[in-house]
Structure formats: structure tokens, C-alpha cells
Amino acid sequence: MTANPRFKEQLRTSFRATPPLENGARLTAGEFLRRHRGMPDVKKAELIQGIVHMPSPVRFTHHSEPDNIVQTWLGTYSAYTPGVAVGGNATVKLDIENVPQPDVLMFIEPQHGGRARVDEEDYLVGAPELVVEIAASTASIDMHEKLRVYRRHGVREYLVWLAEEDRIVWHQFVDGETTELRADARGRLASRAFPGLVLDVRAALARDPGKVLATLQSAMKSRAYRDFCTQLTAPKRAGKRSTR
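Conventions and cut-offs
- Residues numbered from 1 in each chain as written.
- Predicted model: local features only at pLDDT ≥ 70, side-chain atom pairs only at ≥ 80, totals over all residues.
- Heavy atoms only, no water.
- Helix = DSSP H or I, 4+ residues; strand = E, 2+ residues; numbered from the N terminus.
- Buried < 20%, exposed > 50% of the residue type's maximum accessible area, 1.4 Å probe, protein only.
- Core = buried A, V, L, I, M, F, W, Y, C linked by side-chain atoms within 4.5 Å.
- Contact = heavy atoms within 4.5 Å.
- Polar contact = N/O pair within 3.5 Å; in protein donor to acceptor, adjacent residues only side chain to side chain.
- Arc of directions from axis to C-beta.
- Pairing = 2+ DSSP bridges.
- Salt bridge = Lys/Arg side-chain N within 4 Å of Asp/Glu carboxyl O.

Draft legend 1. Quick peek at unusual backbone geometry. Backbone geometry places N89, a non-glycine residue, at a positive phi of 55°. Positionally, N89 belongs in the loop between β3 (84-88) and β4 (92-93). According to the relative accessible area criterion, N89 is partly exposed, its value standing at 33%. Of note in this structure, D175 is not a glycine but carries a positive phi near 55°. Here D175 lies in the loop between β10 (167-174) and β11 (177-180). Residue D175 is classed as exposed on the basis of its relative accessible area, which comes to 77%.

See the structure below:
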């Protein structure tokens with residue numbers, strides 16, 4: 001049966017209107033998002049320095065399990081901390097060449113003094129205070145290109161779980177400089193941006209979420225954490241968060 005010429009033209013027009021995303025393509029942020037919207041089956045795609053990155057399928061031990069531990073850890077912290085929000089795999093608009101999709105991020109909502117906000121399209125705009133990437137096959141880009149992008153845009157802290165190397169690196173960005181947070185004698189790393197946010201690195205690498213949470217809950221009993229919560233709830237002059 002011969003296809004209707006009008007139908008064939010509609011198909012050609014539709015394809016021209018929304019070309020597919022392709023790994024390695026060079027696009028602007030607007031074009032990247034337009035193509036991404038036209039491919040609802042694509043769950044993970046990022047634009048880093050103007051280049052499209054579409055990661056390979058996710059492995060369990062090297063990505064899914066660490067990702068769950070981090071999301072549980074940060075989710076617990078945000079559940080008890082006013083004005084702090086956590087998201088997994090959220091698309092973030094940074095500039096015309098950078099639209100990353102971090103594995104996990106945490107930010108202070110604008111009405112509580114933060115800079116990142118959710119826009120009318122339900123995307124995060126601006127740099128969150130903390131970004132976390134689970135790095136296995138993506139380790140090279142996570143530790144180099146993404147690090148520079150996050151630093152330039154004002155992310156305060158950047159944690160990378162290097163699954164294949166069995167180590168966790170927590171970067172702090174201050175005045176354009178990068179420093180690596182150092183663990184204490186018990187193997188614990190403490191955030192500077194979020195008082196009370198402490199990670200038991202040994203427990204995390206041992207895949208022991210119970211101990212990770214026990215360490216966090218103990219740290220959240222500190223005076224520094226209580227003072228931080230008080231600071232977050234003090235009146236701020238900031239716009240309201242966009243309605244989702």
C-alpha cells in the first residue's frame with residue numbers, strides 16, 4: 001500500500017522540527033532542551049560545555065547502590081532542615097552551553113536565602129549549594145569538565161563518588177579556588193555549606209547505609225546545626241519559589 005503523500009510530508013516536517021539528541025552533538029542550551037523534550041524516553045542527557053552527553057546504561061554496584069545511599073543520606077538531612085531541598089537527576093540550567101543533570105543535588109530555597117530556583121518549566125535555574133555525581137564510566141568528565149563548570153557557576157561544594165576507585169572526593173569552591181575536604185580520624189567528612197551534614201566515608205564505601213544515617217543523625221544534634229536551622233528560618237528578602 002502506498003503511503004499518503006500528505007502523511008509522509010507530515011513525518012518529514014515533524015523530524016525537521018525536532019531532531020533527535022545525539023551523543024557528542026554540539027548544541028546551545030535552548031536547542032538541547034527542545035530536542036530533549038521531543039524524546040521523553042531519554043531519561044539522562046546533559047549539555048556540558050556545549051556538548052551533549054548521554055551516559056551508558058546504569059550498573060547496580062557501581063552506580064545505583066551508591067546513588068541510593070547518597071539520596072537517602074541527603075534526603076534525611078533535608079527532611080529535618082527547613083528550606084533545604086534535594087533532588088535526584090534534576091536538569092539544571094546554568095548557561096547557554098551547560099545544562100547538567102547531576103545524580104543528586106541539594107540547595108537552599110530562595111525564600112530561605114538560596115540562589116537556585118525552580119522556573120516556570122519546572123527546571124532548576126542557577127547553582128545549587130551541593131552537587132553529587134556517582135562516577136564510574138563518567139569519571140573523567142565528572143572530575144574535570146563538570147568540576148570546572150560547577151566551580152565557575154558558584155556551586156559551593158561538589159562531591160564525587162568514584163565507584164571504580166572505591167573512594168569519595170568532596171570539593172569545596174571558594175573564590176574560584178578548589179580545595180578538597182579532609183576526613184577526620186574516624187573517616188568522616190563534614191560539609192562547610194550545610195552544618196551538620198557529615199558523611200561517614202568508610203560506612204558509605206562499605207555500603208552500610210544504617211551507619212551512614214547514624215553518623216548523620218548524631219551530627220545533626222550539634223549546636224552548629226541548630227544555629228543553621230535558626231538562620232534558615234529568619235526572615236529573608238527573596239522571591240518566592242516557583243510553583244511546580
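That was the structure; now back to the text.
Draft legend 2. Fine view of the nonpolar core. Counting 34 residues, the largest nonpolar core has W73, L74, Y77, W170, F194, L197 and L199 as its most contacted members. Taken together, the elements giving at least two residues each to this core come down to α3 (60-79), β5 (104-108), β8 (130-135), β9 (157-162), β10, α6 (201-205), α7 (209-219) and α8 (223-233). Top contributing element to this core by residue count: α3, with 5 residues. When neighbours within four sequence positions are excluded, Y77 is seen to be in contact with M106, F194, P195, G196, L197, L216, M220, Y225 and F228. Counting 23 residues, the second largest nonpolar core, distinct from the first, contains L94, A127, A135 and A139.

Draft legend 3. Quick look at the environment of S78. On the secondary structure map, S78 appears in helix α3. Put simply, S78 and M106 are 28 residues apart on the chain and 8.2 Å apart in space, counted from C-alpha to C-alpha. Non-local contacts of S78, meaning those with residues more than four positions away in its chain, are made with V84, V86 and M106. At 3.0 Å, the side chain of S78 forms a polar contact with the backbone oxygen of G75.

Draft legend 4. Examining α7 more closely. Listing the buried residues of α7 in full gives V212, L213, T215, L216 and A219. With its buried residues spanning 160° around the axis, α7 presents them on a single face. Structurally, α7 contributes buried residues whose contacts are with α3, β12 (188-190), β13 (198-200), α6 and α8.

Draft legend 5. How the structure looks around the sheet that holds strand β7 (residues 124-125). On the basis of which strands lie adjacent, the open sheet formed by 3 strands has the order β4-β7-β6 and mixed pairing. Each edge of the sheet is formed by a strand with only one pairing partner; in this case those strands are β4 and β6 (117-118).

Draft legend 6. View of the pattern of salt bridges. On inspection of all chains with the given rule, the structure shows 13 salt bridges. In this structure, the salt-bridge partner of E65 is R207, at a minimum N-O distance of 3.3 Å. With E65 in helix α3 and R207 in the loop between α6 and α7, this pair connects stretches of sequence that are 142 residues apart. For R207, a relative accessible area of 21% gives the class partly exposed. We note a salt bridge from D227 to R223, for which the minimum N-O separation is 3.1 Å. Of the two residues, D227 and R223 are both situated in helix α8; the distance of 4 residues between them amounts to about one turn of the helix. Classification of D227 by relative accessible area gives partly exposed; the value is 41%.

Function cannot be read off these values alone, since they describe shape.
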